[in-house]
Amino acid sequence: MARTETTTADAAVKADDLAGLEAGLDALDSVQIHRTPVREVLLKKVLPPVLAIVLVLVAWQLLVTLKVTDEGKLPSPGAVWASLTDMWLQGTLLDVLWTSVSRALLGFLLALAIGTPLGLVVARVGVIRTAIGPILSGLQSLPSVAWVAPAVLWLGLNDSMMFAVILLGAVPSIANGLVAGVDQVPPLFLRAGRTLGATGLKGAWHIVMPAALPGYLAGLKQGWAFSWRSLMAAEIIASSPDLGLGLGQLLENGRNNFDMPGIFLAIILILLVGVAIDLLIFSPLERTVLRRRGLLVKG
């Protein structure tokens with residue numbers, strides 16, 4: 001009887017130990033998501049960039065005040081602001097922004113639709129990777145401005161030419177990003193997927209793509225950067241009234257008219273659009289991916 005009670009007690013202790021071990025593992029696996037207080041967000045994420053912008057403006061104005069160079073070469077922040085105000089009052093500012101942003105976003109979506117299956121095929125089919133993998137890498141390093149001249153000759157001065165330049169600049173980056181992401185997928189995931197019947201397109205959709213998401217997302221960010229840069233190069237070089245007035249044309253018009261405030265305004269607007277797209281689209285996507293993988297505890 002005593003021996004039976006001892007065995008029962010040992011079993012209870014082992015059960016408690018197993019329960020504690022499982023609870024500990026669950027605690028390690030679970031991701032504790034804490035909402036960052038608004039004050040902390042303002043102090044750590046909003047205040048530093050605002051201070052950096054203020055410092056740049058102060059340094060800029062100081063250079064103008066000290067007359068380090070001719071004002072025709074370095075306009076004051078006030079002159080650039082006046083140029084911005086004039087465009088706003090004339091009702092052309094939003095039109096210029098929309099012309100370029102809509103082209104860039106549509107071109108990027110087209111590049112996404114082409115680059116994603118291309119990257120997946122290159123990553124999964126060895127013969128195709130050997131054949132065109134180096135070409136994709138070479139195209140990625142080729143300056144997108146080099147495509148403007150042949151695109152104009154092929155397609156003429158129209159939006160099709162703009163989209164062709166964007167695609168040639170962005171597709172290789174998106175495809176190579178996905179290839180890099182697929183290369184980092186653990187083989188165990190692929191074997192587990194095949195065991196569960198996830199092969200072919202089903203395996204690519206349910207196993208490969210989710211596992212390759214971090215590298216793919218990095219390729220998307222780079223693809224957007226190439227899309228935006230390619231479009232600006234095309235708008236600067238291939239100016240035409242039929243194409244409408246975009247940010248690239250605005251920059252080129254400033255150069256032709258010796259309008260330094262207009263040139264600086266165009267540069268600032270181009271920079272702001274790039275930063276805004278990153279903050280509004282890609283940064284939230286990155287945080288979501290990191291949080292789901294347990295790599296982002298706070299946010």
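## Brief notes about the overall build of the protein chain
- Within the protein chain, the secondary structure is distributed over 12 helices and 0 strands.
- Starting at the N terminus and walking to the C terminus, you meet the elements of the protein chain as α-α-α-α-α-α-α-α-α-α-α-α.
- Within the protein chain, buried positions represent 33% of all 299 residues.
- Summarising the internal contacts of the protein chain: among those between residues at least 6 apart in sequence, 74% fall at separations of at least 24.
- Accessible area for the protein chain stands at about 18,100 Å²; split by element, carbon and sulfur atoms hold 69% of it.

## Structural notes on helix 12 (residues 260-292)
- With 33 residues, helix 12 should reach 48 Å at 1.5 Å per residue; the first-to-last C-alpha distance of 47 Å fits that figure.
- The sharpest bend along helix 12 measures roughly 35° and falls at Leu279.
- Buried within helix 12 are the following residues: Met260, Gly262, Ile263, Leu265, Ala266, Leu269, Ile270, Val273, Ile277, Phe282, Ser283 and Val289.

## Observations concerning the layout of surface pockets
- Estimated volume of the largest pocket: approximately 620 Å³.
- Along the wall of the largest pocket there are 18 residues; nearest its centre are Ile53, Leu57, Ile268, Leu271 and Leu272.
- Residue assignment for the lining of the largest pocket shows that the elements contributing at least two residues are helix 2 (38-65), helix 3 (77-90) and helix 12.
- The biggest single contributor to the lining of the largest pocket is helix 12, with 10 residues.

## What to know about the packing of helix 3 against helix 12
- Relative orientation of the contacting elements helix 3 and helix 12 amounts to 75°, with a least axis distance of 8 Å. The pairing of helix 3 with helix 12 is recorded here as roughly perpendicular in orientation. For the pair helix 3 and helix 12, contact is made by Ala79, Val80, Ser83, Leu84 and Met87 and by Pro261, Gly262, Phe264, Leu265 and Ile268, respectively.
- Classifying every residue of the contact of helix 3 with helix 12 by side-chain character gives 8 nonpolar, 2 polar and no charged.

## Let's talk about the side chain of Ser173
- By secondary structure assignment, the location of Ser173 is in helix 7 (residues 159-183).
- Its relative accessible area of 1% is what places Ser173 among the buried residues.
- The contacts of Ser173, once residues within four sequence positions are left out, are Gln140, Gly219, Gln222, Gly223 and Phe226.

Procedures and definitions
- Residues numbered from 1 in each chain as written.
- Predicted model: local features only at pLDDT ≥ 70, side-chain atom pairs only at ≥ 80, totals over all residues.
- Heavy atoms only, no water.
- Helix = DSSP H or I, 4+ residues; strand = E, 2+ residues; numbered from the N terminus.
- Buried < 20%, exposed > 50% of the residue type's maximum accessible area, 1.4 Å probe, protein only.
- Contact = heavy atoms within 4.5 Å.
- Areas by Shrake-Rupley, 256 points an atom, 1.4 Å probe, with all protein chains shown as cover.
- Expected span 1.5 Å × (residues − 1).
- Bend = angle between axes of the 7 residues up to and from the residue.
- 1 Å grid on protein atoms, 1.4 Å probe; cavity = no way out; pocket = protein on both sides within 12 Å on 5 of 7 lines; lining within 4 Å.
- Points joined across faces, edges and corners; volume = space filled by probe spheres on them.
- Axes fitted to C-alpha atoms, helices over the stretch in contact; angles between N-to-C directions.
- Parallel < 35°, antiparallel > 145°, perpendicular 65-115°, else oblique.
- Nonpolar A, V, L, I, M, F, W, Y, C, P; charged D, E, K, R; others polar.

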